[in-house]
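Descriptive analysis of the structure
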Amino acid sequence: MNEYFHSVRLIADRCKGCVICAKRCPMEAIRIRGGKAQITESRCIDCGECIRRCPNHAKTVVTDDLKNLADYRFNIALPAPTLYAQFGITTRIDEILFGLTQLGFDKVFEVARGAEIVSLAIKDYLKRPGIKRPVISSACPAVVRLIQIKFPELIDYLVPIDAPVEVAARVMRAKASREQNLNPEDIGIWFITPCPAKMTSVKQPLGSEKSNITGAIGISRIYGELFKLLQGGLTADTRRHSSWIGVNWAVAGGESSAVGMENMNRLVVHGIHSVSDVLEQIALGRLNGIDYVETLACAGGCIGGPLTVQNRFVAEYNLQQRARKMQQEDIAIGRKPLQEYKESELGVNERRAIEPRPIMRLDEDICKAMYKVEVMEKMLQQLPGLDCGSCGSPTCKALAEDIAQGVASETDCVFKLRERVRDLAQEMKALAEKMPPSLDKDSS
Ligand code: SF4
Ligand code: SF4
């Protein structure tokens, strides 16, 4: 596939070409050209790191809108558990769910419930003999794309189970179609998302031909309206189905606790740069002995997603309190978290292998690639190694690569440019001091 959908976009008018996003991008997918940031589509994983870093709010996310609900006969909201963390514990989950129905959705189904199904399925998967370890979580689509592009050799280590939101969508599409007697295509299923990566995985899924989700609406996009509704006080007649186990998936470490890995060696890593470092260690075979690695692109987990509104530490506090209260409530009424799932909910037959996309190679042609490596190494020796970013490439290494690829020149480096100007000035000075032989009286 040569065309990529990306939900992260640039608002060119706001961009000052300050290089901050280019220097923070974990994929080195951004260059500054003509004073504006340019995203290399084949490298971008829509992790949203550039959105967080841009001081001028020049990066934005394309998501769907409540207006899109009009295109469908029946609309279902799938709120990420991160949505609950945006509100304090005095706002009950039942009220949040009911609030969503007041925004225009006909039905609400919690992604946390999908997370419970997936937790049980991962538990079973980990018991299988012969699977590659450490098993790597596949719940965060930004991490899956990072692996697909930068560490394709780790694809087989990924959990071959859909993310909770896909499972929730599959369950609900089948259920609503049956109950409402509707054609599945007439049902709109909308993920209330904390991140652009989820929006991208709706449009261009990995591991399946087509997503069961119709679209994604950013939490920040509906938060204001929902907040106003909840301030008014709602008589909620919608009931939560999830337990604290699924809700906890919104924070780093929640997934592995939900899977229940008391006797296993697990590693929880969050923040895209840390994830990339740990994946590199796995690829180098340095993390043997670990059974499971929970990987999340955002610091703190999904509560740190770029489309959230609440401070991530406050969100974590909110969620911890909420989970504790849910657990107490459920124990009091004798309700247990989900105990079993159906294979059909996992869509095993719909899954296909994730294709590697190793775009980090310099050229498809091995001879050309070797020549480019040579040019790149030579260039790198000549560059100052300051990684200042003034050239518009994030590091001197990236500039050397851009020069080898023919998309940048040596004089894009301000230091090399200054050297050239100085040499030129000396040459001009030497020339200026030379007299034409007809005027040069001393030369005889
Ligand atoms: S961080 Fe990137 S997008 Fe934002 S102003 Fe700087 S160069 Fe432009
Ligand atoms: S950690 Fe969660 S919010 Fe962040 S990119 Fe991954 S799935 Fe999205």
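Residues numbered from 1 in each chain as written. Chains lettered and ligands numbered in written order. Predicted model: local features only at pLDDT ≥ 70, side-chain atom pairs only at ≥ 80, totals over all residues. Heavy atoms only, no water.

1. Quick look at helix α14 (residues 366–382)
Quick note on the threshold: The helix and strand labels rest on DSSP assignments: H or I over at least four residues marks a helix, E over at least two residues marks a strand, and numbering proceeds from the N terminus. In a helix, the anticipated span is given by 1.5 Å times the number of residues less one. Three labels apply to residues, based on accessible area from a 1.4 Å probe with only protein chains included: buried if under 20% of the type maximum, exposed if over 50%, partly exposed otherwise in between. Arc definition: directions from the helix axis to the C-beta atoms. Between two residues, a contact is recorded if the distance between any of their heavy atoms is within 4.5 Å. Here a polar contact is recorded for every N or O atom pair within 3.5 Å, except that within protein the pair must consist of a potential hydrogen donor and a potential acceptor, and residues adjacent in sequence are included only if both atoms are side-chain atoms.
With 17 residues, α14 ought to run about 24 Å at 1.5 Å a step, and its terminal C-alpha atoms sit 25 Å apart, in line with that. Along α14, the residues that are buried comprise Ala-369, Lys-372, Met-376 and Met-379. One face of α14 carries all of its buried residues, which in axial projection span an arc of 90°. Seen from the open side of α14, the exposed residues pointing more than 90 degrees away from its buried face are Ile-366, Cys-367, Met-370, Tyr-371, Glu-374, Glu-377, Lys-378 and Gln-381. Looking at the buried positions of α14, the neighbouring elements they touch are α15 (396–404). Two to three positions downstream of the cap, the backbone nitrogen of Cys-367 sits 2.8 Å from a side-chain oxygen, assigning the N-cap of α14 to Asp-365.

2. With respect to the site of ligand 1
Put simply, the test is: What makes a residue near a molecule or strand is one non-hydrogen atom of that residue sitting within 4 Å of it. Three categories are distinguished: nonpolar for Ala, Val, Leu, Ile, Met, Phe, Trp, Tyr, Cys and Pro, charged for Asp, Glu, Lys and Arg, and polar for the others, with Gly belonging to the last.
Taken together, the neighbourhood of ligand 1 is formed by 15 residues, with Cys-15, Lys-16, Cys-18, Cys-21 and Cys-54 sitting nearest. Residues belonging to the shell around ligand 1 are distributed by class as follows: 11 nonpolar, two polar and two charged.

3. Here's the deal with the sheet that holds strand β11 (residues 292–296)
Defined as follows: Two strands qualify as a pair provided DSSP detects at least 2 bridges between them. Angles shown run from 0 to 180 degrees and are taken between the N-to-C directions of axes, each axis being a line fitted to C-alpha atoms and, for helices, limited to the stretch in contact.
Here we have three strands laid out as an open sheet, ordered β7-β11-β10, and parallel in their pairing. Only two strands of the sheet have a single neighbouring strand rather than two, namely β7 (135–136) and β10 (266–270). On the sheet, helix α12 (residues 272–283) packs against β7, β10 and β11 and is oriented at approximately 140° with respect to β10.

4. Some remarks on the site of ligand 2
Every residue lining ligand 2 is accounted for by Cys-140, Pro-141, Pro-194, Cys-195, Lys-198, Leu-296, Ala-297, Cys-298, Cys-302 and Gly-305. Taken together, the residues of the shell around ligand 2 sort by class into eight nonpolar, one polar and one charged.

5. What about the pairing of strand β5 (residues 74–79)?
Within β5, six of the six residues are buried, leaving the element largely enclosed by the surrounding structure. With six bridges joining them, β5 and strand β8 (residues 187–193) adopt parallel strand pairing. By the bridge assignment for β8, Asn-75 is matched with Gly-188. Pairing of β5 with strand β6 (residues 107–108), which is carried by two bridges, proceeds in the parallel orientation. When the sheet's bridge partners are listed, Ala-77 is paired in β6 with Val-108.

6. Looking at the packing of aromatic side chains
For clarity, the threshold we go by: Only rings of Phe, Tyr and Trp enter the pairing, Trp through its six-membered ring, and a pair is recorded when the two centres are within 6.5 Å. The plane angle decides the type: under 30 degrees is stacked, over 60 is edge-to-face, the rest tilted.
The tally for this structure, following the rule as stated, stands at three aromatic pairs. Arranged with centres 5.7 Å apart and planes meeting at 25°, the rings of Tyr-223 and Phe-227 form a pair that is stacked. Note that Tyr-223 and Phe-227 are positioned in helix α9 (residues 219–231) at a spacing of four residues, about one turn of the helix. With relative accessibility at 36%, the residue Phe-227 sits in the partly exposed group.

7. Some remarks on the side chain of Arg-170
When you line up the elements, Arg-170 lands in helix α7 (residues 164–180). Take Arg-170: its relative accessible area is 9%, and that puts it in the buried class. A polar contact of 2.9 Å, which involves the side chain of Arg-170, links it to the backbone oxygen of Glu-345. Beyond its immediate stretch of four places on either side in the chain, Arg-170 contacts Asp-162, Asn-212, Ser-344, Glu-345, Leu-346, Gly-347 and Glu-350.

8. Describing empty space enclosed by the protein
If a probe the size of a water molecule is rolled over the atoms, the empty space left behind becomes visible. Which entries qualify depends on this criterion: Here a cavity denotes grid points, spaced 1 Å and computed from the protein atoms alone, that fit a 1.4 Å probe unable to get out, and a pocket denotes an open set having protein on both sides within 12 Å along at least 5 of 7 lines; residues with an atom within 4 Å of a point are the lining. Grid points are joined across faces, edges and corners, and a volume is the space filled by probe spheres set on the points.
Applying the stated criterion across every chain yields a total of six cavities of 30 Å³ or more. Its volume calculated, the largest cavity comes out at about 200 Å³. In terms of lining residues, the largest cavity is bounded by 19 residues, among which Pro-81, Pro-164, Lys-198, Trp-249 and Cys-302 are the most central. Elements with a contribution of two residues or more to the lining of the largest cavity: α3 (81–85), α5 (111–126), α7 and β11. A class-by-class count of the residues in the lining of the largest cavity yields 15 nonpolar, one polar and three charged.

9. Structural notes on the sheet that holds β6
On the basis of which strands lie adjacent, the open sheet formed by four strands has the order β6-β5-β8-β9 and parallel pairing. The sheet is open, and its two borders are formed by β6 and β9 (215–218), each paired with just one other strand.

10. With respect to the environment of Gln-38
Within the secondary structure layout, Gln-38 lies in strand β3 (residues 36–39). Sequence-wise, Gln-38 and Gly-17 are 21 residues apart; in three dimensions their C-alpha atoms are separated by 9.6 Å. Apart from residues no more than four positions distant in its own chain, Gln-38 is found in contact with Ala-29, Ile-30, Arg-31 and Arg-33.

11. Some details on the confidence of the model for the chain
Short version of the rule: Note on scores: pLDDT gives the predictor's confidence for each residue, bounded by 0 and 100.
Residues of the chain with pLDDT of at least 70 account for 97%, and the chain-wide mean is 92. Within the chain, the element-level pLDDT minimum falls on α14, averaging 91, and the maximum on α3, averaging 98.

12. Quick notes on the pattern of salt bridges
The cut-off we apply is this: A pairing counts as a salt bridge when a side-chain nitrogen of Lys or Arg comes within 4 Å of a carboxyl oxygen of Asp or Glu.
In total, this model carries 27 salt bridges according to the counting rule given. Put simply, Arg-33 and Asp-402 hold a salt bridge, and the shortest N to O gap is 3.3 Å. With Arg-33 in strand β2 (residues 30–33) and Asp-402 in helix α15, this residue pair connects regions lying 369 residues apart in the sequence. For Asp-402, a relative accessible area of 6% gives the class buried. With a closest N to O distance of 3.6 Å, Arg-335 and Asp-330 form a salt bridge.

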